[in-house]
Amino acid sequence: MDPKHIAELRSLIGDPARVIVNPQMVEQLSRDFYWYSPVLRKQLDGKVGEVVVQPLSAGDVQKTLRYCFLNNIPVTARGAGTGNYGQAVPLEGGVVLDLARMDRIEEITKDGVAVCQPGVRLGDLENEGRKAGWELRCYPSTIIKASVGGFLGGGSGGIGTVTHGGLRDFQTVRAIEVVTMEPEPRIVLHEGEAVHEILHAWGTNGIITRIWLALTPAVDWSQCVVAFDSFNAAFDFSEQIAVDERWIKRLVTVFEWPIPSFFTPILHYAPEGHTLIFFMIASSQLSELEAAARKAGGKVTHSAAYPGLHARPLLSDYTWNHTTLWAIRTDEAYTYLQCGFSHENAREQLRRLREKFGMEILFHMEFMKNGDGIVFPGAIPVVYYTTEERLNEMIDFCREIGVWVANPHVNNVEGGGRYRPDNVQLLAKQKYDPKGLLNPGKMVTFHSQSSPAGASTK
Ligand code: FAD
């Protein structure tokens, strides 16, 4: 980047230490966990920004965006960089806008809404919320590192989703304030349905500077591991607990063997050849759950009160997309898919996948509630990667048999499976980023200053 721009940005921000040009740091702050995907690895290795700017306020963001708009400099927002699809990897250099220092929790209201800046870590919000009798409705397994802004920009759900739905459901995100990429960047408040213009848009249509996130009353949780000698018995039992509203739960995860053998620190909970279920269950129901599990043929291999995120083991560290990480540590050829099975005929869908792909796909199920209140078996299956063609064959077959797939091997908003068919994310980009400078290349249906086919520019 032209040194003139660096000097100007430093003078605008007023603190040279918050405009970073050290190549190692810039590289580090340009990466995320895209390397989970052998397909994305080929596309994104070596993509870096040119300078990192660390704002402390919406005012700093406005100043940076005003300068970048004037000088046609791309800007890619970054929370904690734990995203999986290269969401935060700058494709065209420019500024990496690192929001980690905007990390203030402003308020937790009496009715349980957290008001905070985007760089607040989800784990800090969970801990602060619990002090006031509240907790997150849902969170990714990266809770300790991931930021609230990054979760809104690129995440979807996780622990808690079995009860409260995903991040985009049930008005969990009440409002979002964003700064626009215009000649005079504005601060725009999105409330109610309008939050969907910004959610899961990968920072392509505005920089989130303030969030209103609904929490839920805190529960006294316990963690429990149950082993079954067959996948089918484990799946039946887990589904029974997941769909029955009477059970107060935060996590219902099933891992078929050999996935539990990848969890090296907790192998003592994983009898050879068994399928494991991980639960987070209300402590008041723990002994009842254990009795029900034994009655169903399961063996309880671990059960303890959950003291919070410092729990050892922290079972969520093995669930959701952490499972893939443990698999990759065991063999670098593993990767993953993100699926939604039918709540009515998941067993048949699983059977057909096993019949066609054998142990190339290992079943890792995560029960979730959708926006209509239906609990269904979501899944982040672990896949043994051989070629891109074979991976695509698996995705096509899943879709053919009615298994929904959010493809984690593509690097654009539209291809990943959370893009809204009503195009609201794209329409917002046309309004708020007319030059296409925010995270360029990630919203492929956007064409600068022109209206893409089928979309209105109102
Ligand atoms: P980043 O990766 O920094 O950013 C994500 C996206 O949001 C990027 O496009 C970025 O440009 C944009 N962004 C960041 N901040 C802003 C802002 N202020 N304004 C506008 N755009 C912004 N995800 C889940 O949903 N559920 C899971 O259970 C889950 N498990 C995971 C497990 C592992 C081991 C890993 C590596 C990832 C997992 N993820 C999961 C993905 C990721 O951790 C989450 O989506 C997380 O919430 C991202 O937060 P972050 O702060 O790291 O965001």
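Model, not experiment: these values are computed from the prediction.

1. Description of the nonpolar core
Next up, step 1: Residues Val148, Leu152, Ile176, Phe263 and Phe278 are the most contacted members of the largest nonpolar core, which totals 73 residues.
Next up, step 2: Other than its neighbours up to four places away in sequence, Phe263 contacts Phe255, Phe278, Tyr318, Thr323 and Trp326.
Next up, step 3: Of all hydrophobic cores here, the second largest spans 44 residues; its members include Ile277, Phe367, Ile395 and Val403.

2. Concerning the site of the ligand
Next up, step 1: Taken together, 36 residues form the shell around the ligand, and within it Ala77, Thr82, Ser147, Ser156 and Gly157 come nearest.
Next up, step 2: For the ligand, an oxygen atom lies 2.8 Å from a polar atom in the backbone of Ala80.
Next up, step 3: When the ligand sits alone it has 980 Å² of accessible area, and the protein chains cover 97% of it.
Next up, step 4: Looking at the shell around the ligand, the elements with two or more residues in it are β3 (75-78), α6 (148-154) and β10 (207-217).

3. With respect to the side chain of Thr64
Next up, step 1: The residue Thr64 is located in helix α4 (residues 58-70) in this model.
Next up, step 2: Using a relative accessible area of 1% as the deciding quantity, one classes Thr64 as buried.
Next up, step 3: With residues near it in sequence (within four places) discarded, Thr64 still touches Leu9, Ile13, Val53 and Leu97.

4. Digging into unusual backbone geometry
Next up, step 1: In this model, Trp257 is joined to Pro258 through a cis peptide bond whose omega is 15 degrees.
Next up, step 2: Cis peptide bonds are those with omega within 30 degrees of zero, and the linkage from Arg312 to Pro313 qualifies with -5 degrees.
Next up, step 3: The phi torsion at His200 lies on the positive side, around 55 degrees, for a residue other than glycine.
Next up, step 4: Note that His200 resides in the loop between β9 (187-191) and β10.
Next up, step 5: Look at Asn423: it is not a glycine, yet its phi comes out positive at around 60 degrees.

5. A word on the sheet that holds strand β12 (residues 249-255)
Next up, step 1: Within the open sheet, the 8 strands sit side by side as β14-β11-β13-β12-β18-β19-β16-β21. Their pairing is antiparallel. Of all strands in the sheet, those with a lone pairing partner are β14 (299-305) and β21 (404-405), marking the two edges.
Next up, step 2: Judged from the 2 bridges that link them, strand β16 (residues 339-340) and β21 form a sheet pairing that is antiparallel. Paired with Gly340 across the strands is Trp404, a residue of β21.

6. Quick look at the pattern of salt bridges
Next up, step 1: Under the definition given, this model contains 26 salt bridges.
Next up, step 2: As a salt-bridge pair, Asp60 and Arg18 come within 3.1 Å of each other at their nearest N and O atoms. With Asp60 in helix α4 and Arg18 in the loop between α1 (3-13) and β1 (19-20), this residue pair connects regions lying 42 residues apart in the sequence.
Next up, step 3: Exposure remark for Arg18: the relative accessible area of 6% places this residue in the buried category.
Next up, step 4: Arg210 is the salt-bridge partner of Glu177, the closest N and O atoms lying 3.9 Å from each other. Residue Glu177 is found in strand β8 (residues 173-179), and its partner Arg210 is found in strand β10; the two are separated by 33 residues along the sequence.
Next up, step 5: Salt bridges linked by common partners bring Asp15, Arg18, Asp60 and Lys63 together as one network.

7. A word on the domain arrangement of the protein chain
Next up, step 1: Taken domain by domain, the protein chain holds domain 1 (3-98), domain 2 (105-217) and domain 3 (221-406).
Next up, step 2: Taken together, the contacts link 22 residues of domain 2 with 23 residues of domain 3.
Next up, step 3: Of the roughly 1700 Å² buried between domain 2 and domain 3 on both sides combined, carbon and sulfur atoms contribute 58%.
Next up, step 4: Interface area lost by domain 2 to domain 3 is led by Ser141, Ile159 and Val162, which between them contribute 36%.
Next up, step 5: Scanning the region where domain 2 abuts domain 3 turns up 2 salt bridges.
Next up, step 6: When the shortest N-O distance is used, the salt bridge between Arg250 and Glu135 registers 3.7 Å.

8. Overview of the packing of aromatic side chains
Next up, step 1: Within the structure shown, the criterion is met by 20 aromatic pairs.
Next up, step 2: Each ring, one from Phe278 and one from Tyr318, has its centre 6.5 Å from the other, and the planes form 80 degrees; the classification is edge-to-face. Separated by 40 residues along the polypeptide, Phe278 in strand β13 (residues 275-282) and Tyr318 in the loop between β14 and α10 (322-330) bring together distant segments of the chain.
Next up, step 3: For Phe278, a relative accessible area of 0% gives the class buried.
Next up, step 4: In this structure Tyr318 comes out as buried when scored by relative accessible area, which is 6%.

9. Overview of the environment of Ala327
Next up, step 1: In this structure, Ala327 sits in helix α10.
Next up, step 2: By relative accessible area, Ala327 is classed as buried at 0%.
Next up, step 3: Taking C-alpha positions, Ala327 is 18 Å from Asp32, a pair spaced 295 residues apart along the chain.

Rules of the game
- Residues numbered from 1 in each chain as written.
- Predicted model: local features only at pLDDT ≥ 70, side-chain atom pairs only at ≥ 80, totals over all residues.
- Heavy atoms only, no water.
- Core = buried A, V, L, I, M, F, W, Y, C linked by side-chain atoms within 4.5 Å.
- Buried < 20%, exposed > 50% of the residue type's maximum accessible area, 1.4 Å probe, protein only.
- Contact = heavy atoms within 4.5 Å.
- Near = heavy atom within 4 Å.
- Polar contact = N/O pair within 3.5 Å; in protein donor to acceptor, adjacent residues only side chain to side chain.
- Areas by Shrake-Rupley, 256 points an atom, 1.4 Å probe, with all protein chains shown as cover.
- Helix = DSSP H or I, 4+ residues; strand = E, 2+ residues; numbered from the N terminus.
- Pairing = 2+ DSSP bridges.
- Salt bridge = Lys/Arg side-chain N within 4 Å of Asp/Glu carboxyl O.
- Domains from an automatic or database assignment.
- Buried area = accessible area lost by both parts, 1.4 Å probe.
- Phe/Tyr/Trp six-rings, centres within 6.5 Å; stacked < 30°, edge-to-face > 60°.

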